[in-house]
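Topology and contacts: notes
Chain by chain, the residues:
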Amino acid sequence: MAYCPKCKYEFVEGIVECPDCKVPLVETLEELPVVLIEGIEEILNDMNQFLAANGIESGYTEMNKKSDSFQLFVAARDESESKKMIAVYLKENQNKIRAMELGCTEEELEE
């Protein structure tokens, strides 16, 4: 069985995402997600794609209404490896991130 880490509903085998919450399911409720990083939605979505391309598919972004910013979540089992990958992402994409923060292109940033 699989569970939604957000609404806690149980799903049959074969379902990989909660149809209501739109988040990846976990095998047990002990795998509840942890916040990996907080920031701008576009950057976090890009980070999540980077994680998925490197084998970590438990990630998703969600708005934190209390802090009015977005958060990138991963399953607790992926937290350690995800942090290492995010450090690589941040190092390799400094200009891209800065441009996203400023709302311009990387080319405009270099001018």
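For every chain, the first residue of the written sequence is number 1, and numbering continues from 1 onward in sequence order. Local features in this predicted model are restricted to residues whose pLDDT is 70 or higher, and side-chain atom pairs enter the listing and the counts only when it is 80 or higher, whereas totals over whole chains, interfaces and linings include all residues. As a rule here, side-chain values come from all non-hydrogen atoms in the structure, and water together with hydrogens is ignored.

1. Description of the sheet that holds strand β4 (residues 60-64)
Note on pairing: two strands pair once DSSP finds at least 2 bridges between them. Every helix listed is a DSSP run of H or I at least four residues long, and every strand listed is a run of E at least two residues long, numbered separately from the N terminus. A sheet is described by the order of its strands in space; here 3 strands give the open sequence β3-β5-β4, paired in antiparallel fashion. Of all strands in the sheet, those with a lone pairing partner are β3 (33-39) and β4, marking the two edges. Strand after strand, the sheet turns through a mean of 35° between neighbouring axes, direction not considered. In this structure, β4 lies alongside strand β5 (residues 69-75), joined through 5 bridges in antiparallel fashion. Opposite Thr 61, over in β5, you have Leu 72 as the bridge partner. Angular values range over 0 to 180 degrees, each being the angle between N-to-C directions of two axes fitted as lines to C-alpha atoms, with helices fitted over their stretch in contact.

2. Here's the deal with helix α2 (residues 79-92)
Helix length check: α2 (14 residues) gives 20 Å between terminal C-alpha atoms against 20 Å at 1.5 Å per residue, within 8%. Three exposure classes are used, based on accessible area relative to the maximum for each residue type with a 1.4 Å probe and protein chains only: buried under 20%, partly exposed in between, and exposed over 50%. Taken residue by residue, α2 has Ser 82, Met 85, Ile 86 and Tyr 89 as its buried positions. Down the axis of α2, the buried side of the element spans an arc of 105°, and every buried residue falls inside it. Facing away from the buried side of α2 by over 90 degrees, the exposed positions are Lys 84 and Lys 91. To estimate how far a helix should reach, multiply one less than its number of residues by 1.5 Å. Each direction from the helix axis to a C-beta atom contributes to the arc, which is the arc of those directions.

3. What about a nonpolar patch on the surface?
On the surface, Met 1, Val 12 and Ile 15 cluster together to form a nonpolar patch covering roughly 280 Å² of accessible area. As for its position among the elements, Ile 15 is in the loop between β2 (10-11) and β3. Two distance rules govern patches: like charges are joined within 9 Å, and nonpolar side chains (Val, Leu, Ile, Met, Phe, Trp, Tyr) within 5 Å, applied only to residues with over 30% relative accessible area and no salt bridge. Computed with the Shrake-Rupley method and a 1.4 Å probe, the accessible areas treat only the protein chains shown as cover for residues. The rule for a salt bridge is simple: a side-chain nitrogen of Lys or Arg has to be within 4 Å of a carboxyl oxygen of Asp or Glu.

4. Focus on the environment of Leu 109
Structurally, the position occupied by Leu 109 is in helix α4 (residues 106-110). For Leu 109, a relative accessible area of 28% gives the class partly exposed. Through-space distance from the C-alpha of Leu 109 to that of Ala 99 is 6.1 Å; in sequence the pair is 10 residues apart. Any two residues whose heavy atoms approach within 4.5 Å are treated as being in contact. Setting aside anything within four residues of it in sequence, one finds Leu 109 in contact with Asn 95, Arg 98, Ala 99, Leu 102 and Cys 104.

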